[in-house]
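# Tertiary structure, described
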Amino acid sequence: MFESVLVANRGEIARRVIRTVRALGIKAIAVYSEADADLPYVAEADEAVLIGPAQPAKSYLDVDAVMEAARRTNARAIHPGYGFLAENAAFARRVNDDGLIWIGPPADAITAMGDKISARNLMEQAGVPVAAGTREPVPDADAAVAAGLGYPVMVKASGGGGGIGMSVAYDEAGLRKAFETARTRAERFFGNSDILLERFVERARHVEIQILGLADGTVVALGERDCSVQRRHQKVVEETPSTGVGPELRARMLAAAVRAGEAVGYRGAGTVECLVDPVAQEFVFLEMNTRLQVEHPVTELVTGIDLVEQQLLIAAGEPVTFTTAAPRGHAIEFRVYAEDPKRFLPSPGDITVWEEPSGDVIRVDSGYQAGNKVTPFYDPLLAKLCVYGADRAQALATARTAVEGFRIEGLKTNLPFFAELLANPEFVSGDYDTGLVERMRA
Amino acid sequence: MSEVRAEMVANVWKVVAAEGDTVEEGDTLVILESMKMEIPVLAEDSGTLVSLKVAEGDVIQEGDLIAVIE
């Protein structure tokens, strides 16, 4: 095992990675921007390096600044967390070229899965079901209409992610408008104006499979996570197991996720995202995320496996330390965001009170504490509130207590939304889909 | 006359409308960006956009004046 790891990220994920790195007796090195100097992860690392001003492009996304921090601190390996440089193949190559260990998948796997068109073609070859859609970029709005996929249809930026550059059209006029908007944004956000169309499944569930590509080349699947509670196509709540997936469908999805990982020579932690039609018990591949996911704790809670520890072992070429991955019980994660709970608008500000709930079946991965300032420069995630139960009913009961017991003051958070969700008959029944939040706000 | 003010700290990502434009209630005037989210600022009344106080790249605070519609 290497003796030091630089964590090229911030907030809750930096803190979470640092926790496991230190537990393994490895030196943890943090990097931080001027805006983040007072966050807990900076103090908790063994060493911390200021890498630039608040703007991500001048700090966390500045490859030279991050590599210079690694050089100055003699870091032996780099863990990118999620977001920022986590799925940047050029950065992964640079880390390796500079003689450091990259704690993530091979750069070629990142490249293959980073482009939605190549990813989908590769998955089709590997025998993974893919959504009906265009195979090549669609050049203009006329061609989008002529593709004849029917309605509703999803318009997606090929280089996009995180809900940015996606919209659904319900008729020809809507498709023309959505196409032009998506193209302008794709160029501006991702420097790649390629647009794809996909048949949109209404009342679908968003279910993903956690995979681990081991050092010996085998790929294992560690169960699914249901991420159907979304606002603006972005996840808010994740749970495992999914209440929309039966045993037979689960077995097929896990097998397909393993084939997907094998097809790209995957190493480390990755996630195969799928769209599930819960009535037909069918699924199609959406995309593969070549990194640790925000919602990895729910998998950790039901499998007892520390995914960051396994990432470190795999990167060091060592065998993994778990023997069985049979999940037990039920886990739910709530993403506590700095945002208005009604309209979900961002709400940066000063945290005056921060009191977390605690208990055997409650896990809080937080990035902030009282006295911290939440700035508009980064995503609004303040903390991840995770609960565990022997079954879903127990997990829901714990969640109600935990949400009530989480006090954050000084800015708006979506905690009141979670209280509302936990009283919503559709969510409580387990029979919900990706349109749930929209229906709650209609 | 109606004033459109910022609801949060944000960066001005895109200015869609221009002074002198005739706008309808619900039209997008400006798109803000904050915490990796795009937030359209909409006209709350129909009329003429007589004043636009922000430019792309500006950082605005909660309560700052964005536009005036008459």
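The shown structure was predicted, so the numbers you read here are calculated from the model rather than taken from an experiment.

What counts as what
Throughout, residues of each chain are indexed from 1 in the direction in which the sequence is written. Note on labels: chains are lettered from A, ligands numbered from 1, in written order. This being a predicted model, a pLDDT of at least 70 is required before a residue's local features are given, and a value of 80 or more before pairs of side-chain atoms are given or counted; all residues contribute to the totals for chains, interfaces and linings. Side-chain descriptors were evaluated using all non-hydrogen atoms of the structure, hydrogens and water having been removed beforehand. Here, two residues are considered to be in contact whenever any of their heavy atoms come within 4.5 Å of each other. Throughout, the accessible surface (probe 1.4 Å) given up by two parts as they are put together, summed over both, is called the buried area. By definition, a salt bridge exists where a carboxyl oxygen of Asp or Glu is found within 4 Å of a side-chain nitrogen of Lys or Arg. A run of H or I in DSSP becomes a helix once it reaches four residues, and a run of E becomes a strand once it reaches two; helices and strands are each numbered from the N terminus. UniProt positions are given in the numbering used here, feature names are shortened, and annotations may be inferred rather than shown by experiment. In this entry, domain limits derive from an automatic or database-based domain assignment. Charged means Asp, Glu, Lys or Arg here, nonpolar means Ala, Val, Leu, Ile, Met, Phe, Trp, Tyr, Cys or Pro, and polar covers whatever is left, Gly included. We treat two strands as partners when DSSP finds at least two bridges between them. For helices, the axis comes from a line fit to the C-alpha atoms of the stretch in contact; other axes are also lines fit to C-alpha atoms, and the angle between any two N-to-C directions lies between 0 and 180 degrees. Any angle between 65 and 115 degrees counts as roughly perpendicular, while under 35 counts as roughly parallel, over 145 as roughly antiparallel, and the rest as oblique. Relative accessibility under 20% of the residue-type maximum defines a buried residue, over 50% an exposed one, and the middle range a partly exposed one, all with a 1.4 Å probe and only protein chains included.

## Details of the interface of chain A and chain B
- Contact residues are listed per partner, giving 21 residues for chain A and 13 residues for chain B.
- Summing both partners gives a buried area of about 1600 Å² for chain A against chain B, and 62% of it is carried by carbon and sulfur.
- Across the chain A-chain B interface, the total number found is one salt bridge.
- Across the pair Arg343 of chain A and Glu7 of chain B runs a salt bridge, and its minimum N-O distance is 2.8 Å.
- Ranked by the residues each element gives to the side of chain A that touches chain B, the list is headed by helix H8 (residues 172-190) of chain A, at four residues.

## Considering the UniProt feature "domain: Lipoyl-binding" (unreviewed entry) in chain B
- Within this numbering scheme, the UniProt entry marks residues 1-70 of chain B as carrying the feature "domain: Lipoyl-binding" (unreviewed entry).
- Here residues 1-70 of chain B runs as 0% helix and 54% strand, with 4 Å between its end C-alpha atoms.

## Things to note about the domain arrangement of chain A
All names here are of chain A.
- Here the domain parsing of chain A yields domain 1 (4-103), domain 2 (132-199) and domain 3 (205-440).
- Centre-to-centre separation of domain 1 and domain 3, based on C-alpha positions: 23 Å.
- Each partner contributes to the interface: domain 1 provides 32 residues, whereas domain 3 provides 27 residues.
- Of the roughly 2300 Å² buried where domain 1 meets domain 3, counting both sides, 59% is carbon and sulfur surface.
- Where domain 1 meets domain 3, there are five salt bridges.
- A salt bridge links Arg16 to Glu300, with the nearest nitrogen and oxygen atoms 2.9 Å apart.
- Elements represented by at least two residues in the side of domain 1 that touches domain 3 include exactly helix H1 (11-23) and strand E5 (101-102).
- When residues of the side of domain 1 that touches domain 3 are assigned to their parent elements, the largest contribution, nine residues, is made by H1.
- Per-class residue counts for the side of domain 1 that touches domain 3 are 17 nonpolar, seven polar and eight charged.

## Section: the sheet that holds strand E3 (residues 47-52) of chain A
All names here are of chain A.
- Strand order in the open sheet formed by five strands is E3-E2-E1-E4-E5, and the pairing between neighbours is parallel. Since the sheet does not close on itself, it has two edges, and those belong to E3 and E5, each with one partner.
- Strand direction decides the pairing type here: strand E4 (residues 77-79) and E5, joined by two bridges, are parallel. Bridged to Ile78 within E5 is Trp102.
- The strands touched by helix H3 (residues 63-72) are strand E1 (4-7), strand E2 (27-33), E3 and E4; relative to E3, the strand with the most contacts, the crossing angle is about 150°.

## Section: the packing of helix H4 (residues 89-97) of chain A against helix H5 (residues 107-114) of chain A
Residues and elements named next belong to chain A.
- Packing of H4 against H5 brings their axes to within 8 Å, and their N-to-C directions diverge by 175°. In terms of orientation, H4 lies roughly antiparallel with respect to H5. Contact residues: H4 offers Ala89, Ala92 and Arg93, while H5 offers Ala107, Asp108, Ile110 and Thr111.
- Counted by class, the contact of H4 with H5 contains four nonpolar, one polar and two charged residues.

## Some points on the pairing of strand E4 (residues 28-34) of chain B
Residue and element names in this part refer to chain B.
- The buried fraction of E4 amounts to five of the seven residues, a majority that puts the element mostly inside the structure.
- Bridge count for strand E2 (residues 10-15) against E4 is four bridges, and the pairing is antiparallel. The partner of Asn11 across the bridge, within E4, is Glu33.
- Relative to strand E5 (residues 37-42), E4 is paired through six bridges, and the arrangement is antiparallel. By the bridge assignment, Leu32 is partnered in E5 with Ile39.

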